[in-house]
Amino acid sequence: TLNKKDRANVERIQQQRVDIQQDVIKSRLDELVFPIYFLDFESIATAVPLFDSIAPWKQLAFQYSLHILHEDGRLEHREYLHREATDPSAAVAQRLCEDIGEVGSIVVYYANMERGVINALRNQFPEYAPALISMTQRMWDLHPVFEKHYRHWKFGSKSSIKVVLPTLVPALSYKDLEVQEGGAASLGWLRMIESGDATERGVLAKGLLEYCGLDTLAMVELLKVLRKG
């Protein structure tokens with residue numbers, strides 16, 4: 001027998017229904033403070049540490065994308081990709097603190113991942129701790145909204161951004177990208193930092209930047225959909 005959640009999904013698909021809890025979503029959206037930062041990291045964890053002084057299976061963020069939505073509607077994009085075969089942590093921490101201001105909500109998709117990365121950086125670099133702690137306190141997770149309060153029959157039982165985005169914003173797609181999911185991004189980064197061929201490194205870097213950039217642009221567009229109701 002199906003549990004309550006699965007049964008609801010099956011019925012929704014059969015009836016081709018869209019269930020939107022507008023009141024709950026509105027109260028969640030009211031929590032947001034401008035400028036709104038949309039943040040996504042790409043990271044890698046390996047059994048054998050890639051660099052000295054790193055523990056096995058430590059989550060290393062080597063890249064992030066950041067879209068910044070200002071109150072007047074202006075959208076700005078910043079990004080960082082670590083291109084050297086060295087521990088990216090110090091550079092990621094520094095750039096993040098330069099790019100994210102002291103005020104404004106930080107929108108993510110699955111907060112556990114982003115929070116974990118920022119907490120690890122905070123522990124490693126005490127000089128950035130106050131700014132990084134502030135970031136985790138201002139984090140706003142978009143995922144639960146689509147997991148619980150905005151259910152489209154085309155999502156099936158899923159709520160990942162790869163499923164939600166093409167359903168609600170068909171103009172944006174991961175299908176045409178060189179990199180289409182996080183595992184491929186990790187492998188792409190390893191290939192890039194190990195490659196002796198400048199052209200190959202450039203191609204891999206472009207693929208990584210496009211993929212991570214779409215993750216944050218996707219959140220910008222999904223927030224627009226929620227605002228329209």
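Please read these numbers as outputs of a predicted model, since none were measured by experiment.

**Quick look at the nonpolar core**
The nonpolar side chains of soluble globular proteins are, as a tendency, buried together.
Phase 1 of the analysis: Ranked by internal contacts, the top residues of the largest apolar core, which has 48 residues, are L142, F146, L168, W189 and L222.
Phase 2 of the analysis: Those elements that provide at least two residues to this core are α2 (22–29), β2 (36–44), β3 (60–69), α6 (143–149), α7 (161–168), α8 (182–194) and α9 (198–228).
Phase 3 of the analysis: Examining the composition of this core, we find that 13 residues originate from one element, α9, more than from any other.
Phase 4 of the analysis: Filtering out sequence-adjacent residues up to four positions away, L222 remains in contact with Y109, L142, F146, I161, V164, L165, L168 and V169.
Phase 5 of the analysis: In terms of nonpolar packing, the next biggest core, distinct from the first, is built from 22 residues, F41, V108, I118 and M139 among them.

**What to know about the side chain of S43**
Phase 1 of the analysis: Turning to its location among the elements, S43 is positioned in strand β2.
Phase 2 of the analysis: On the basis of relative accessibility, which here comes to 9%, the residue S43 falls in the buried class.
Phase 3 of the analysis: Looking at S43, its side chain comes within polar contact range of the side chain of Q59, at 2.6 Å.
Phase 4 of the analysis: Other than its neighbours up to four places away in sequence, S43 contacts Q59, L60, A61, F62, M113 and S186.

The rules behind the values
- Residues numbered from 1 in each chain as written.
- Predicted model: local features only at pLDDT ≥ 70, side-chain atom pairs only at ≥ 80, totals over all residues.
- Heavy atoms only, no water.
- Core = buried A, V, L, I, M, F, W, Y, C linked by side-chain atoms within 4.5 Å.
- Buried < 20%, exposed > 50% of the residue type's maximum accessible area, 1.4 Å probe, protein only.
- Helix = DSSP H or I, 4+ residues; strand = E, 2+ residues; numbered from the N terminus.
- Contact = heavy atoms within 4.5 Å.
- Polar contact = N/O pair within 3.5 Å; in protein donor to acceptor, adjacent residues only side chain to side chain.

It is worth stressing that arrangement in space is one thing and function is another; only the former is reported here.
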